[in-house]
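So you can see what is in the structure, the chains are spelled out below.
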Amino acid sequence: MYEIDEQVNFQALKDVYDNIQNFFNSFQPKNDISIDDLVELYSNDDDFLKELKSIDNSMNEILGILNSIGSLDNEFYNFFSIRFMVNYLVEHIRLFLINIAFINNLFNEFFKLIHRKLLANDNYEDYYCNFIKFLEKQKDFFYMEIYEYDGDYENLIIEITNILW
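Definitions and cut-offs
- Residues numbered from 1 in each chain as written.
- Predicted model: local features only at pLDDT ≥ 70, side-chain atom pairs only at ≥ 80, totals over all residues.
- Heavy atoms only, no water.
- Helix = DSSP H or I, 4+ residues; strand = E, 2+ residues; numbered from the N terminus.
- Buried < 20%, exposed > 50% of the residue type's maximum accessible area, 1.4 Å probe, protein only.
- Areas by Shrake-Rupley, 256 points an atom, 1.4 Å probe, with all protein chains shown as cover.
- Lys, Arg positive; Asp, Glu negative; His and termini not counted.
- Charge placed at Lys NZ, Arg CZ, Asp CG, Glu CD.
- Expected span 1.5 Å × (residues − 1).
- Polar contact = N/O pair within 3.5 Å; in protein donor to acceptor, adjacent residues only side chain to side chain.
- Salt bridge = Lys/Arg side-chain N within 4 Å of Asp/Glu carboxyl O.
- Core = buried A, V, L, I, M, F, W, Y, C linked by side-chain atoms within 4.5 Å.
- Contact = heavy atoms within 4.5 Å.

Asker: How should the overall build of the chain be read in this particular structure?
Answerer: What the chain contains, in helices and strands, is 8 helices and 0 strands. In sequence order, the secondary structure elements of the chain are arranged as α-α-α-α-α-α-α-α. Expressed as lengths along the three principal axes of its C-alpha atoms, the size of the chain is roughly 55 × 50 × 25 Å. Residue burial in the chain is summarised as follows: out of 165 residues, 38% are buried. Just so you have it, the chain exposes about 10600 Å², and 50% of that area is on carbon and sulfur atoms. Positive and negative side-chain charges in the chain, numbering 12 and 30 respectively, have mean positions lying 5 Å apart.

Asker: I'm lost on helix α3 (residues 46-68) in this one. Help?
Answerer: One turn of the α-helix equals 3.6 residues, which is why residues spaced by three or four share an orientation. Taking 1.5 Å of rise per residue, the 23 residues of α3 would be expected to cover 33 Å, and the 33 Å separating its terminal C-alpha atoms lies within 8% of that figure. Of the positions making up α3, those classed as buried are Phe48, Leu52, Ile55, Asp56, Ser58, Met59, Ile62, Leu63, Ile65 and Leu66. The backbone nitrogen of Asp47 lies 3.1 Å from a side-chain oxygen of the residue at the head of α3, namely Asp45.

Asker: What is the right way to read the pattern of salt bridges from this model?
Answerer: Between side chains of opposite charge, pairing is possible as soon as their charged atoms come close. All chains considered together, the criterion is met by 6 salt bridges. The salt bridge partner of Asp56 is Lys53, with a shortest N-O separation of 3.7 Å. Here the residue Asp56 and the residue Lys53 both occupy positions in helix α3, the gap between them amounting to 3 residues, near one helical turn. Judged by its relative accessible area of 17%, Asp56 falls in the buried class.

Asker: Explain the nonpolar core to me, please; I cannot follow it from the model alone.
Answerer: In a soluble, globular protein the nonpolar side chains are often hidden away together inside. Phe96, Phe107 and Phe110 are the most contacted members of the largest nonpolar core, which has 50 residues in total. Elements with a minimum of two residues in this core: α1 (2-26), α2 (35-43), α3, α4 (73-91), α5 (93-98), α6 (100-118) and α7 (124-146). Ranked by the residues each element gives to this core, the list is headed by α6, at 10 residues. If sequence neighbours within four positions are ignored, Phe110 has contacts with Ile62, Leu66, Glu75, Phe79, Ile82 and Phe131.

In structure tokens form, the structure reads like this:
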């Protein structure tokens, strides 16, 4: 019975991944248009904005599926990092357009990892170690080159620090 549930979960993950890949494969911004014009164009494109929202929904669906598969605890937590980075980029259309290959690469590598795990690949541990190195490099790039801290929690941090002193 467990194998059937795992197969259903694997198929559900594959379906979500296929939907995400269909978006990335169909979305080809023109290279001869400036980034400012692309931002203006896509910021007002309801179909595009719905697709971005569907990426967010897909990531929530992925988390739900990963959470239901007990043998994927590490991968579940790794996906939280991916989800944070992708959500940040989706919320900022300019950054999304500039970093679309970065996002696609995160999804591709994560789903290769899940595929290996669910197929009980003998080399999974080595592959997982390589994936962790890849994810750490991506997180470093994201936080050093893309993410801009807006200071939203600065006052809260000061209040908590004052309470603790």
